[in-house]
Amino acid sequence: RPCMDRYTPVKAFLRNLPSVVTCFLYTWSAWVMEVTTSWSVRWGLLCFTFAGVMIVMIDQFALCYRHRHETLAGYKTAMLAYTNIVFLAFGFVFLLGRFGC
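What counts and how
Residues numbered from 1 in each chain as written. Predicted model: local features only at pLDDT ≥ 70, side-chain atom pairs only at ≥ 80, totals over all residues. Heavy atoms only, no water. Helix = DSSP H or I, 4+ residues; strand = E, 2+ residues; numbered from the N terminus. Rg over C-alpha atoms; globule rule 2.2 N^0.38 Å. Buried < 20%, exposed > 50% of the residue type's maximum accessible area, 1.4 Å probe, protein only. Contact = heavy atoms within 4.5 Å. Areas by Shrake-Rupley, 256 points an atom, 1.4 Å probe, with all protein chains shown as cover. Lys, Arg positive; Asp, Glu negative; His and termini not counted. Charge placed at Lys NZ, Arg CZ, Asp CG, Glu CD. Phe/Tyr/Trp six-rings, centres within 6.5 Å; stacked < 30°, edge-to-face > 60°. Polar contact = N/O pair within 3.5 Å; in protein donor to acceptor, adjacent residues only side chain to side chain. Salt bridge = Lys/Arg side-chain N within 4 Å of Asp/Glu carboxyl O.

Asker: Would you take a moment to explain the overall build of the chain for this structure?
Answerer: When you go through the chain residue by residue, the secondary structure sums to 4 helices and 0 strands. Written out in order from the N terminus, the α and β elements of the chain read α-α-α-α. Expected size for 101 residues packed as a compact globule is a radius of gyration near 13 Å; at 17 Å, the chain overshoots this value by more than 25%. Structurally, the chain occupies a C-alpha span of about 50 × 25 × 15 Å along its principal axes. Residues classed as buried in the chain amount to 25% of the 101 residues present. If you take every contact in the chain between residues at least 6 apart in sequence, the share linking residues at least 24 apart comes to 62%. In the structure as shown, the chain presents an accessible area of about 7400 Å², 77% of it carried by carbon and sulfur atoms. Counting 9 positive and 4 negative side-chain charges, the chain places the averaged centre of each group 2 Å from the other.

Written as structure tokens, this is what we have:
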């Protein structure tokens, strides 16, 4: 339990708060992208959405790397790899749908 000795629930929440806010913003921007009629706004929101996804993924990989020596680190790494592959596949399908493929 070395991780729990360093982190209180408040510290863990504050550590993950930027990722939570970024997830909310890129999910909201993906929705706005679907309902807007402006081509330039759509492209801007598309770039913002994928940048947000990449920022959160990099943050989660950094957090996983930081805790790589803990007992359940292998499970976290496997879960992270699975979720990133699935979300990248969803993003690719979303992108294909956005361009009418």
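Asker: Hey, could you run me through the packing of aromatic side chains in this one?
Answerer: Aromatic ring pairs: the centre-centre distance and the angle between the two ring planes describe each pair. Applying the stated criterion across every chain, the model contains 2 aromatic pairs. Between Phe 87 and Phe 90 the ring centres are 6.4 Å apart and the planes differ by 55°, which places this aromatic pair in the tilted class. Taken as a pair, Phe 87 and Phe 90 lie in helix H4 (residues 73-98) at a separation of 3 residues, close to a single helical turn. Judged by relative accessible area, Phe 90 falls into the exposed class, the value being 55%.

Asker: Would you take a moment to explain the side chain of His 67 for this structure?
Answerer: Inspection of the secondary structure assignment puts His 67 in the loop between helix H3 (39-66) and H4. The buried category is assigned to His 67, whose relative accessible area is 12%. Of note is the side chain of His 67, whose polar atom sits 2.8 Å from the side chain of Glu 70.

Asker: Help me understand the pattern of salt bridges, please; the structure alone is not making it clear to me.
Answerer: Oppositely charged side chains are able to pair whenever their charged atoms sit close together. Applying the stated criterion to the full structure yields 1 salt bridge. The residue Asp 59 makes a salt bridge to Arg 15 at a minimum N-O spacing of 2.9 Å. Here Asp 59 is found in helix H3, whereas its partner Arg 15 is found in helix H2 (residues 9-35), with 44 residues between them in sequence.

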